[in-house]
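As a plain string of letters, each chain reads:
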Amino acid sequence: MPVLASTRPRCLTPSWLNPRIARTEVLSGLVVALALIPEAISFSIISGVDPKVGLYASFTMAIVIAFAGGRPAMISAATGAIALVVAPVVHQYGLGHLLAVVILGGLIQIALGGLGIARLMRFVPRSVMVGFVNALAILIFMAQVPELVHVPWPVYPLFAAGLALMILLPRLSKAVPAPLLAIIALTTITVAAGIAVPTVGDKGALPSALPTLGIPHVPFTLHTLAILTPYALAFALVGLMESLMTAKLVDDLTDTHSNKTRECLGQGVANIVTGFFGGMGGCAMIGQTMINVKSGARTRLSTFLAGAFLLALCLLLGPVVSQIPMAALVAVMVLVAFATFDWHSIAPATLRRMPLGEITVMTVTVAVVVATDNLAIGVVTGTIVAVLIFARRVAHLVEVTATTDPDGTHAIYSVTGQLFFASSNDLVYQFDYAGDPDQVLIDLTDAHIWDASSVAALDAITTKYHAKGKQVEIIGLEGSSAAMHRRLTGELTPAH
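Residues numbered from 1 in each chain as written. Predicted model: local features only at pLDDT ≥ 70, side-chain atom pairs only at ≥ 80, totals over all residues. Heavy atoms only, no water.

Chemist: For the overall build of the chain, give the residues involved together with the corresponding values.
Modeler: Within the chain one finds 19 helices and six strands. Against the compact-globule benchmark of 23 Å for 496 residues, the chain has a radius of gyration of 29 Å, which places it well outside the compact range. A principal-axis box enclosing the C-alpha atoms of the chain has dimensions of 100 × 80 × 60 Å. Burial status across the chain gives 51% buried among its 496 residues. Pairs at least 24 apart in sequence give 84% of the contacts found in the chain among residues at least 6 apart. Summed over its atoms, the accessible surface of the chain is roughly 23800 Å², and 66% of this surface lies on carbon and sulfur atoms. When the 27 positive and 27 negative side-chain charges of the chain are each reduced to one mean point, those points stand 15 Å apart. (Helix = DSSP H or I, 4+ residues; strand = E, 2+ residues; numbered from the N terminus. Rg over C-alpha atoms; globule rule 2.2 N^0.38 Å. Buried < 20%, exposed > 50% of the residue type's maximum accessible area, 1.4 Å probe, protein only. Contact = heavy atoms within 4.5 Å. Areas by Shrake-Rupley, 256 points an atom, 1.4 Å probe, with all protein chains shown as cover. Lys, Arg positive; Asp, Glu negative; His and termini not counted. Charge placed at Lys NZ, Arg CZ, Asp CG, Glu CD.)

Chemist: Account for the side chain of asparagine 134, with residues named and values stated.
Modeler: By the element assignment, asparagine 134 lies in helix 5 (residues 126–144). On the basis of relative accessible area, asparagine 134 is assigned to the buried category, the value being 2%. A polar contact of 3.0 Å, which involves the side chain of asparagine 134, links it to the side chain of serine 345. Sequence-distant contacts of asparagine 134, defined by excluding residues within four places in its chain, comprise Phe341, Asp342, Ser345, Met362 and Val366. (Polar contact = N/O pair within 3.5 Å; in protein donor to acceptor, adjacent residues only side chain to side chain.)

Chemist: Any chance you could break down the confidence of the model for the chain for me, citing the residues and the numbers?
Modeler: The predicted model of the chain averages 88 in pLDDT, with 97% of residues at 70 or higher. Within the model, the stretch residues 5–9 combines pLDDT values under 50 with zero contacts to residues more than four positions away or in other chains. (pLDDT = per-residue confidence, 0-100.)

Chemist: Please set out the pairing of strand 5 (residues 439–449) residue by residue, giving values where relevant.
Modeler: Pairing of strand 4 (residues 410–419) with strand 5 involves nine bridges; the strand directions are parallel. Bridge pairing in strand 5 places alanine 411 opposite valine 440. Regarding the hand of the β-α-β motif, the stretch spanning strand 5, helix 18 (residues 452–467) and strand 6 (residues 471–475) is right-handed. (Pairing = 2+ DSSP bridges. Right-handed = clockwise from strand over helix to strand, strands pointing away.)

Chemist: Let's hear about the sheet that holds strand 4: which residues, and what values?
Modeler: With mixed pairing, the four strands of this open sheet are ordered in space as 3-4-5-6. Single-partner strands in this sheet number two, and they are strand 3 (399–404) and strand 6. The sheet shows a mean angle of 20° between the axes of neighbouring strands, taken without regard to direction. Here helix 19 (residues 479–488) sits on the sheet and contacts strand 5 and strand 6; the angle it forms with strand 5, its principal contact strand, is near 125°. (Axes fitted to C-alpha atoms, helices over the stretch in contact; angles between N-to-C directions.)

Chemist: So, the pattern of salt bridges: which residues are in play, and what are the values?
Modeler: If you walk through the whole model with that rule in mind, you get three salt bridges. Among the salt bridges present, the one from aspartate 251 reaches arginine 71, with a minimum N-O distance of 2.6 Å. Of this pair, aspartate 251 sits in helix 8 (residues 222–254) while arginine 71 sits in the loop between helix 2 (51–68) and strand 1 (76–77), placing them 180 residues apart in sequence. Of the two residues, aspartate 251 and arginine 71, neither departs from the other in class, the shared state being buried. When salt bridges with common partners are traced through the structure, they connect Arg71, Asp251 and Lys260 into a single cluster. (Salt bridge = Lys/Arg side-chain N within 4 Å of Asp/Glu carboxyl O.)

Chemist: Kindly report on the nonpolar core, identifying the contributing residues and their values.
Modeler: Core analysis: the biggest nonpolar cluster contains 106 residues, and Ile37, Leu55, Phe132, Met280, Ile291 and Leu310 have the highest contact counts within it. Each residue touching leucine 310, except ones within four places of it in the same chain, is listed here: Ala33, Leu36, Ile37, Leu55, Ser58, Phe59 and Leu305. Core analysis: the next-biggest nonpolar cluster, separate from the first, contains 22 residues, Val398, Ala411, Leu419 and Leu427 among them. (Core = buried A, V, L, I, M, F, W, Y, C linked by side-chain atoms within 4.5 Å.)

Chemist: Lay out the environment of leucine 301 in plain terms, naming residues and giving numbers.
Modeler: If you trace the backbone, leucine 301 turns up in helix 11 (residues 300–316). In this structure leucine 301 touches Trp16 and Glu25, once residues within four positions along its chain are discounted.

As structure tokens, then:
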């Protein structure tokens, strides 16, 4: 009797239930949590709020995005970019308006996610992405420099020892993330030997209670909405830009695909929750995401545990965490910066082969990011430069070939290439209006019309020939080109 295969669906268990994977996720989450504490405090100071506002934001963002986000293993928390956006709100209007901006910004992010803003990522060129990664590495490194300047001399050997441990330990065993072992080792040494160096506790007091749910204390008026909206829009755009770019970077590093639309919606939900729980808001945190991914994390468990460990460390082990030397965390971030930088992109052999336009776009992206300390501005600028270079390049690919039929009664112009605003401007000057015979054919079989500028250029050519008493016929248009020409021709200049 034949054995029939069971049609009962198999239960797919989450990968993080595998003990080996779970261990990696737990330890990676712990390392990230330790690295989050001093940065969240620093971003709070930049924003002009109490350190707990940044720490609460990091906790709630990580917990919520672990469930709502579209990119597993990506860390979202309070960030420097968001701190710079909301700082003017705090200085001018206070904490209540900041929390309202975070909530409104979250609502805008959900709206933008629903409108499909994530699809715009396909228009970010590779050269911009490389520039983004290199600028990110530079910013991570530069953020550590103040921790190595005007500090007690023991900081330097501790910093060097941290780097050495993280470089050498993985060669012996990868069972436990090297950054975690380095942090534990350096903390033990400084505490046992009584070495006086800057610690996490020097950055600010850690919170001693759970965040509480509340409504921002702001007047619910149209005037308030008018004040909040510009900041909320900037908050939403900067947050989504950094999050989407980070998600794409993690996609490339892990050879996996993420749901960018879900990430947009998840960022919005996480910021709304964060605003109601008294946090300063946030977005994908690139440095901590790199720590997480480089430590081997690949699932949502590490993201969730980063937030959970963060709060547990602050509430239950605050005195211990406060004694972690900043040199240990700086060593972790410097190594992350070194690993993040795309060294191949600046190798002499690569630069010799790379088109000048690509090098220009990469350089502009890096320069703008470093100058503004804002990844979003750099990406937008780099993309605009890439578009301009592409437009200039394509504009020169339009060719006009002139021939005359054997009997000399017709001039035939064959146009080849893509006609749009950049390439069509010079099209008018490619014709011999005075010398051509009375009948002119313009063959667009091998051309494509993309915009109204091209139709206007063709109308101008026709008008110039008519002024000389000559007849023009445009042939070869098909599909969308024919439809656009038929719809717009004669309608783009006022009638005389």
